[in-house]
Amino acid sequence: MQIGANELDRILTALDRQNGLESGGPIALVVIGGAALHALGLVSRTTKDVDVQGQAEETERGIVIKKIREFPDFLKRAIRKVQRDFGLPENWFNLGPASQLDLGLPTGFESRLIRKTYGRNLTVYFASRWDLIHFKLFASIDRDDYHVQDLLSMNPSENEIEAAARWVLTQDISQEFRRITRQFLEEIGYGTIAERL
């Protein structure tokens, strides 16, 4: 089963319910990627999974994102039940982008998260459009796949692309990566930004 905006709501609501049945208690997670694009209504294509970046903790100073190596057992059981009920692939709910926390997030990322509750037991903080442009630019460089289409479908401004590109260059500081980043920007119509990098 592929996941679109309508399916995403149904699936995450079901995950909330199963989490409650597993007596897991409330949990808050940060989600990026295609699922976040759907939640914000930014793309129309479907996705096959939900990319979880980490666990969110609400503090007096705002949201803090904690890296987790694996989901708690109660959530794993809930994930498996939702997988079974909706015919989803095995890794439909995953921690694939967790390593991004080590590389560094765009400045102010936590303050831009968009909160959505799916019942009593599941809160999801979706990455903002600004940050998704950053992540999608990083994923698009030196590729020709759905990441590029996602990036272009958000119709980023020159200001957004320049901010994203400057962040992307902090993720890999090699001259070769800078070269292919500039080349990619030229190919997608942001040559003036490439010249400034």
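You'll find the structure just up there.
Residues numbered from 1 in each chain as written. Predicted model: local features only at pLDDT ≥ 70, side-chain atom pairs only at ≥ 80, totals over all residues. Heavy atoms only, no water.

(A) Broad picture of helix 1 (residues 5-21). Between its terminal C-alpha atoms helix 1 stretches 25 Å, which fits the 24 Å expected from 17 residues at 1.5 Å a residue. Among all positions of helix 1, only L8, I11, L12, A14, L15, D16, Q18 and N19 are buried. Lining the buried residues of helix 1 we find strand 1 (27-32), helix 2 (33-39), strand 2 (50-59), helix 3 (73-86), strand 4 (93-94) and strand 6 (122-126). Looking one or two residues beyond helix 1, the residue adopting positive phi is S23, at roughly 55°. (Helix = DSSP H or I, 4+ residues; strand = E, 2+ residues; numbered from the N terminus. Expected span 1.5 Å × (residues − 1). Buried < 20%, exposed > 50% of the residue type's maximum accessible area, 1.4 Å probe, protein only. Contact = heavy atoms within 4.5 Å.)

(B) Layout of the side chain of H134. Position of H134 among the secondary structure elements: in helix 5 (residues 129-140). Setting aside residues up to four positions removed in sequence, H134 forms contacts with P106, A163, A164, W167 and V168.

(C) The arrangement of the packing of helix 7 (residues 158-171) against helix 8 (residues 175-187) in detail. Relative orientation of the contacting elements helix 7 and helix 8 amounts to 160°, with a least axis distance of 10 Å. By the angle class used here, helix 7 and helix 8 are roughly antiparallel. Pair helix 7 / helix 8 crosses with right-handed handedness. For the pair formed by helix 7 and helix 8, the contact residues are I161, A165, V168 and L169 on the first element and F177, R178, T181 and L185 on the second. Its residues assigned to classes, the contact of helix 7 with helix 8 comprises six nonpolar, one polar and one charged. (Axes fitted to C-alpha atoms, helices over the stretch in contact; angles between N-to-C directions. Parallel < 35°, antiparallel > 145°, perpendicular 65-115°, else oblique. Left-handed = near helix turned anticlockwise from the far one by under 90°. Nonpolar A, V, L, I, M, F, W, Y, C, P; charged D, E, K, R; others polar.)

(D) Seen up close, the pairing of strand 5 (residues 114-117). The pairing of strand 5 with strand 6 spans four bridges and is classified as antiparallel. Of the residues in strand 6, the one forming a bridge with R115 is Y125. (Pairing = 2+ DSSP bridges.)

(E) Structural detail: the packing of aromatic side chains. Within the structure shown, the criterion is met by six aromatic pairs. Where W92 meets F93, the ring centres are 5.0 Å apart and the plane angle is 55°; that geometry is what we call tilted. There is no split in this pair, since W92 and F93 are both buried. (Phe/Tyr/Trp six-rings, centres within 6.5 Å; stacked < 30°, edge-to-face > 60°.)

(F) Seen up close, the pairing of strand 2. Pairing between strand 1 and strand 2: four bridges, direction antiparallel. Within strand 2, the residue paired with V31 across the bridge is V52. Summarising the sheet, strand 2 and strand 3 (residues 62-66) pair through five bridges and their orientation is antiparallel. Residue pairing in the sheet places T59 in a bridge with G62 of strand 3. Here strand 2 folds back onto strand 3 in antiparallel fashion, the turn holding two residues.

(G) Region of the structure containing the pattern of salt bridges. The tally for this structure, following the rule as stated, stands at 16 salt bridges. The partner of E160 in a salt bridge is R129, with the nearest N and O atoms 2.4 Å apart. Highlighted residues: E160 in helix 7 and R129 in helix 5, separated in sequence by 31 residues. E160 gets classed as buried once you look at its relative accessible area, which sits at 14%. Here the salt bridges share partners, and the residues they tie into one network are E22, R77 and K81. (Salt bridge = Lys/Arg side-chain N within 4 Å of Asp/Glu carboxyl O.)

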